[in-house]
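# Coordinate inspection notes
What follows is each chain in one-letter form.
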Amino acid sequence: MCREMSYLNIEEVAKTLSCDKSTVRSYIKKNKLPNAIQKENSRSYLIPESDIDTLIQELSTTPEGYLTIQEVASRLSCSDSNIRIYIKQGKFPNTISKKHGRGRLIPKSDVEDFEQALKPDGYVSLEHAASMVSLNANTILRYINDGKLSNHKVGRKYWILEKDILNLQQDLSIPKGYITTKEAANRMFWSESHILTYIRTNKLPNAVLRGAGLGYLIPELDIENLKKNLELPEGYIPLKEAAKILDISIATLRDYIKANKFPNTIFRNQTEGYLILETDISAYERSLVIPDGFLTVSQAAQKLLCHEESVREHIRKGNFPNYIRGHKNEYLILETDILSLQMQKPNKLPRHKTIKEAAERLACHPDTIRKYIKENKFPNAILRARREGYLIPETDIESLELTLSIPPGYLTISEVAERLKFSEGYTKQLILNNRLPKAYKMSTGSWVIPEADITDYETSLYQKFTPETKGQFTTLDAINKFKYKSLNLEIPNTLQNSFDLYMEFVNHTLSNSKANGDTLNKKVVYYANTIDAIISIIPREVYLLTDKEIEGILQSKSTPDYVKQYFVSFLQYCAKRVNCNFKNNYNMANKDPKDKNIYSFEKFIDYYNYVKNIEVHVPEAIKTKTIAQTWLFVLMHMINAWRKSDIIHGLPSIDLDDIKVNSLSYFEKERLSHEQAQLIVNQVYLKVGKLRISKTGALGQFLCHSDLVVPFATAVVIVELHRRKWKDILLLESIRHNFINKKFFKHKKDLSDFKSLKMNRTLLTYYFHHINESGKDADISYELTRTMRYHKDQDSTTVYIQFTNEDGPLDKVSLNLFNRGHFGWLYNSMINLYMEQSSQTLEERTKMIQLYRDSYAPIQLEGLSSFLLKEQNYENSLPLRLAMMSKKELEIKLKKIFHGEMPAKMKHAQCFIFPKCSNKTATSCLNCEYIIPKDYLLFSIGEELKRLIESIKSTKFEAIRKRDSSLLFKVLFILDQAAVELGKEHIGTFIDLRDLKSSLIDIQDNLSVTSKVSETKV
């Protein structure tokens, strides 16, 4: 460690060396502390730390071939004082004093001679005896205590008669035809305890007990017979396996067996339990299918917009006469019965609301509305009939809204909780504890709190530590906060260097961290807690610790795992910065996550379809910020496998000028068009650019499936409008602190168990299996899934992929192998040829080539004939080449394109002939016939068109005009292909087509086009 020269006085040196002051003075006289400085007119000295370090190193080093007194005592199983007596008696004649008189050193040869002299003839040591019979030393001692081994004890060391050990070795040999319980367990694929249970219950009657601590021997023939007896009858499977197939618990399956749902079940014995016939399982699975035309109670409740108990009440009243009983005796209702009931429903009074509609308008629970009716707050409410319930005039609702309105400058408990990032319960406790003194209860019973109280409370919170910029937490803030927290630590003088090292370590780690603010804040707490724990655990400077001491700290159950993890990182840092006593390299093993579940395929599709349903979510999203944010958060899991923190911190704010939407009221009657939505998606794509993934440091990107463009854009625009209204920094500020609002799932409550990591794992798993099962890219499925998650290695990705596929083929998942945004005739030709290619005659292949010529022949336009005919020649030559390629060649080519292994010189494009280049000096690929573009290349095409138009308009040279005119037509030709395949409206979200048309009209007189029209008929 690089530090300034530091000096200690004689007393401090004596304490460091654990000796008295006179010994230190003798070291100075013997020049063992050569740089010691004597104070003027004094006997006191100042000694540099470097001299002390050198002396400690010299004192602690033992010469090769020598042992300390303590080491010899341990080897001979006696005390240190006995060894000193032996030295005085001359038993170790070659003993020497350690340097500077600090102890004695004994040659190993003297110790070996002493051991040989102690050993009686014909005897061996306890340790050697244990190794001869492959037993531990305690078992040998038990034999000695039982009188089965003759021994001779010298001090505390045992010597055992070698003849007795050889006899014991003979007794312990396994007779032919017998095996140990361990070997029997291996052959049966059981645990050893399972074998012992069989012995105790006399199911292996010929087992023989060898002796104390030696276990049983079992005849091999008994084990072979047992294996044959335990073979399953044909067509039967064990209870545990059947439960796994049916995805139910073993206890539930036992209940079904008792209820005779599996009539052919047999009971084998107490150990094996039930065996279930496979055909019974198939019959049971068929019984779970709901007949066509019937609905469950839950589905009927959704259709009737009522509670499930209301549906059961209809059944009891006979309103669903054709119901039947299904699995678990549940009701199944005929769909036509539900339609009949709906037709009987009377017309609602105009300008009246039901209890449910009133609750939605007032943003409260229906029970609250019923309470208001009882309290006569809706004096004109009408009870039509018990089945219809109350109808409340809109005028009554409007009157109550006025009384419920919150005074200016006041916030509700939920709003204060969101602002302070507390739970509503904790916020209410602050009110009751008078921490928000001017809060009061309204007539409705709801609390309201003045903003001044909240500001005062926030000020008191931030007095402890204030970030540089409010609402942000940078690496500099993290370092400053750690310094602030460390001010209260009491650091002993003996650990000051370790603390300085730890400060360096924390500064280095935090300043290089790419974590977001929330994670940094947590890390500061962990670092502070770790140093607090370290200074209470370690007895001396960290670099003076031995491996034994460090292992003791890491094995301590009282030390939290995260402290051990940060301590290990600190040890690694120390090893690089200073000379350390410990020699081992320490690392913390990653724990395998306990929860590896994924959502079923059907549930995954339910989530996917639920977030797409704009009409269900928009009305609530525009009213409630947290529901809007939940919608966007869940929707992002259907698009990208981003981590929760990357979704919260990676989504940018949205510029709404292009779509001219500035208020939430817009969505009360209007919806975004596909073109507006694509503009928003393109904006997010460009703003995200290459998002730096906070956990891995890998680069990510934003992608959006075409069928989620409008739902995503709608959700993100509504969230942006809420963000502006509440002046939040992040789009998903509420998710950041309080996670999701479960009310978002009220229309489909079985989806309310949403978990971010589980959904990411699900998306990655189905994506992996789709590619793997398709057979087209099975060998790169890990790589593709890794890229989707932005992991740097495949091992990280395997943690998230579950190797189960109980839901059948995954071809229904909307992840299409070739749907990666490529377009153009060349790419389509390759796909079609690959998918359709089979054994063909020469005539069939010729006809196919002719079809490609017809399909891709360009339309002749006036004034552009020669250019287009030239393009046609390119296209006709390439289809011929494609048609002559084998399916294997096409597969290899497609796989490389899909994997991005055939890059063009431009972003968002691939090259058919990579790594070759038809024009190595060109800087753009837009004029090349081998380009395979993707939709986001349209950004580059727009810029290239602007450049070429400006060049044609401004150039004074005919040669440049001819060249750029030719390039312009080529780029327009690519744009035309995109328009045919993707649609003009989609293109318009990338390029302003009106502006392009106007610019082309402006330069039409400047265009240089060959006037000769080829007579070749197209």
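Here is a short report on the structure shown in this document. (Residues numbered from 1 in each chain as written. Predicted model: local features only at pLDDT ≥ 70, side-chain atom pairs only at ≥ 80, totals over all residues. Heavy atoms only, no water.)

Helix and strand counts for the chain stand at 47 helices and 26 strands. Looking at the chain as a whole, 42% of its 1018 residues are labelled buried. Intrachain contacts of the chain at a sequence separation of at least 6 include 63% that bridge at least 24 residues. For the chain, the exposed surface amounts to about 57,100 Å²; the carbon and sulfur share of it is 49%. (Helix = DSSP H or I, 4+ residues; strand = E, 2+ residues; numbered from the N terminus. Buried < 20%, exposed > 50% of the residue type's maximum accessible area, 1.4 Å probe, protein only. Contact = heavy atoms within 4.5 Å. Areas by Shrake-Rupley, 256 points an atom, 1.4 Å probe, with all protein chains shown as cover.)

Taken together, the side chains of Ile174, Tyr178 and Val208 define a hydrophobic patch exposed on the protein surface, amounting to about 230 Å² of accessible area. Following the sequence through the fold, Val208 ends up in strand β11 (residues 208–209). Residue classification places Val208 among the partly exposed residues on the basis of a relative accessible area of 40%. (Patch = residues over 30% accessible without salt bridge, like charges linked within 9 Å, V, L, I, M, F, W, Y side chains within 5 Å. Salt bridge = Lys/Arg side-chain N within 4 Å of Asp/Glu carboxyl O.)

This next bit is on the packing of helix α26 (residues 496–511) against helix α27 (residues 517–537). In contact at an axis separation of 12 Å, α26 and α27 are set at 165° when each is read in the N-to-C sense. When the axis of α26 is compared with that of α27, the two are roughly antiparallel. In the packing of α26 onto α27, the handedness of the crossing is right-handed. For the pair α26 and α27, contact is made by Phe499, Tyr502, Phe505, Val506, Thr509 and Leu510 and by Leu520, Lys523, Val524, Tyr527, Thr530, Ile531 and Ile534, respectively. Broken down by class, the residue content of the contact of α26 with α27 amounts to 10 nonpolar, 2 polar and 1 charged. (Axes fitted to C-alpha atoms, helices over the stretch in contact; angles between N-to-C directions. Parallel < 35°, antiparallel > 145°, perpendicular 65-115°, else oblique. Left-handed = near helix turned anticlockwise from the far one by under 90°. Nonpolar A, V, L, I, M, F, W, Y, C, P; charged D, E, K, R; others polar.)

This part is about the sheet that holds strand β10 (residues 178–180). With respect to topology, 3 strands assemble into an open sheet ordered β10-β12-β11, the strand pairing being antiparallel. One side of each edge strand has no neighbouring strand; the edge strands of this open sheet are β10 and β11. Bridge count for β10 against strand β12 (residues 216–219) is 3 bridges, and the pairing is antiparallel. Note that in β12 the partner of Tyr178 across the bridge is Pro219. Where helix α10 (residues 181–188) meets the sheet, its contacts fall on β10 and β12, and the angle it forms with β10 comes to roughly 90°. (Pairing = 2+ DSSP bridges.)

Most often, soluble globular proteins have nonpolar side chains that are buried together. Judged by nonpolar contacts, the single largest core of 66 residues is most densely connected at Trp631, Phe702, Phe712, Val717 and Leu732. Those elements giving two or more residues to this core turn out to be α30 (601–612), α31 (614–621), α32 (625–639), α33 (644–650), α34 (674–688), α35 (709–726) and α37 (756–774). (Core = buried A, V, L, I, M, F, W, Y, C linked by side-chain atoms within 4.5 Å.)

Residue pairs spaced three or four apart in an α-helix point in one direction, given the helix's 3.6 residues per turn. By the burial criterion, the buried members of helix α13 (residues 239–246) are Leu239, Ala242, Ala243 and Leu246. End-on view of α13: buried residues confined to an arc of 100°, all on one side of the axis. More than 90 degrees from the buried face of α13, the exposed residues found are Lys240 and Lys244. In this structure, the buried side of α13 is in contact with β13 (236–238), α14 (250–258), β15 (273–277) and α15 (278–287). Just beyond α13, the residue with positive phi is Asp247, at close to 60°. (Arc of directions from axis to C-beta.)

Time to look at the pairing of β15. Most of β15 is tucked away, with 4 of its 5 residues classed as buried. When β13 meets β15, the two strands line up antiparallel, connected through 3 bridges. Within β15, the residue paired with Pro238 across the bridge is Leu275.

For the rest of this paragraph, the subject is the packing of aromatic side chains. Applying the stated criterion across every chain yields a total of 28 aromatic pairs. Taking 5.4 Å as the distance between ring centres and 70° as the angle between the ring planes, the aromatic pair formed by Tyr610 and Phe744 counts as edge-to-face. In this pair, Tyr610 is assigned in helix α30 and Phe744 in the loop between α36 (733–738) and α37, connecting sequence segments 134 residues apart. Each member of the pair, Tyr610 together with Phe744, is buried. Here Tyr666 and Phe667 contribute two aromatic rings whose centre-to-centre distance is 5.2 Å and whose plane-to-plane angle is 85°, an arrangement assigned as edge-to-face. Overall, Phe667 belongs to the buried group, its relative accessible area being 1%. Among the aromatic side chains, those forming a connected cluster through ring pairs are Phe482, Tyr502, Phe505, Tyr526, Tyr527, Tyr562, Tyr566, Phe570 and Tyr573. In this arrangement the basic side chain of Lys261 is found over the ring face of Tyr256, its NZ or CZ atom lying 4.6 Å from the centre. (Phe/Tyr/Trp six-rings, centres within 6.5 Å; stacked < 30°, edge-to-face > 60°. Lys NZ or Arg CZ within 6 Å of the ring centre and 35° of its normal.)

Worth remembering: the numbers are spatial, not functional.
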